[in-house]
Amino acid sequence: MTLTKAHIVENLFNQNVFTKTESAQIVETLFELIKQSLASGDDVLISGFGKFSVKGKNQRRGRNPQTGDPIILSPRRVVTFKCSGVLRERINP
Amino acid sequence: MTKSQLIEELARAEGITLKAAELAVNVTFESMETALIAEDRVEIRGFGSFKVKAYDGYKGRNPKTGELIEVRPKRLPFFKVGKELKERVDR
């Protein structure tokens, strides 16, 4: 099974604090705030879950895997995730 | 941004109490943790997806002492960034 945003909304709604519409809106905003932080280059640290970091990659030479032609890959920014120790222990009991 | 800052920003953005925002943040990440512990995939459209990958054990060295150590097999969540987030971060 795959957990989706719809399941998270359902779980939040089941706390009997918010309506279904409010729950959906809140979960949407929550992920939007995380995306905004990362887009501005600021890491997001969720204790007990893990850390999302923005890392700069230097320009490098690569190849087109289909044709084998050498190409220059421009410098870019990527998001990486490191699992927290707590979550890691819970996944590896 | 830390979890408590996320809670504050969520409370402000949605006009809800800090307590309500904290509940929302906790339910969200607990839902994802429970799924990953059960080795289920997590997929948040526009943000990214997580799946638990199994890694073999190997013989390694303690980089400080050079001592030979046995690294045991492990399972770790792997995050694949979603298209929208990937593009927004690299702009």
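Caption draft 1: Spatial organisation of a positive patch on the surface. Among the surface-exposed residues, K55, K57, R60 and R76 of chain A together with K80 and K86 of chain B lie close enough to one another that they form a single positively charged patch. The residue K80 of chain B is located in strand 5 (residues 74-81) in this model.

Caption draft 2: Representation of helix 1 (residues 3-14) of chain B. Taking 1.5 Å of rise per residue, the 12 residues of helix 1 of chain B would be expected to cover 16 Å, and the 16 Å separating its terminal C-alpha atoms lies within 8% of that figure. When we look at burial in helix 1 of chain B, the residues that qualify are L6, I7, L10 and A11 of chain B. Each buried residue of helix 1 of chain B lies within a common arc of 135 degrees when the element is viewed along its axis, so the set occupies one face. For helix 1 of chain B, the elements touching its buried residues are helix 2 (20-39) and strand 2 (44-46) of chain A together with helix 2 (18-37) of chain B. Looking one or two places after helix 1 of chain B, you find G15 of chain B, whose phi comes out positive at around 65 degrees.

Caption draft 3: Structural detail: the environment of N64 of chain A. All names here are of chain A. Within the secondary structure, N64 is located in the loop between strand 4 (60-63) and strand 5 (70-73). Note on N64: relative accessible area 28%, which makes it partly exposed. Ignoring sequence-local partners within four residues, the contact set of N64 consists of D69 and I71.

Caption draft 4: Main features of the sheet that holds strand 3 (residues 50-57) of chain A. Residues and elements named next belong to chain A. Overall, antiparallel pairing links the 3 strands, which are arranged 2-3-6 in an open sheet. One side of each edge strand has no neighbouring strand; the edge strands of this open sheet are strand 2 and strand 6 (76-83). Strand-to-strand twist in this sheet, taken as the mean axis angle between neighbours without regard to direction, amounts to 25 degrees. Sheet topology note: the strand 2/strand 3 ladder contains 3 bridges and is antiparallel. Paired with V44 across the strands is F52, a residue of strand 3. Relative to strand 2, helix 2 is tilted by about 135 degrees, and along the sheet it contacts strand 2, strand 3 and strand 6.

Quick notes on the rules
Residues numbered from 1 in each chain as written. Chains lettered and ligands numbered in written order. Predicted model: local features only at pLDDT ≥ 70, side-chain atom pairs only at ≥ 80, totals over all residues. Heavy atoms only, no water. Patch = residues over 30% accessible without salt bridge, like charges linked within 9 Å, V, L, I, M, F, W, Y side chains within 5 Å. Areas by Shrake-Rupley, 256 points an atom, 1.4 Å probe, with all protein chains shown as cover. Salt bridge = Lys/Arg side-chain N within 4 Å of Asp/Glu carboxyl O. Lys, Arg positive; Asp, Glu negative; His and termini not counted. Charge placed at Lys NZ, Arg CZ, Asp CG, Glu CD. Helix = DSSP H or I, 4+ residues; strand = E, 2+ residues; numbered from the N terminus. Expected span 1.5 Å × (residues − 1). Buried < 20%, exposed > 50% of the residue type's maximum accessible area, 1.4 Å probe, protein only. Arc of directions from axis to C-beta. Contact = heavy atoms within 4.5 Å. Pairing = 2+ DSSP bridges. Axes fitted to C-alpha atoms, helices over the stretch in contact; angles between N-to-C directions.

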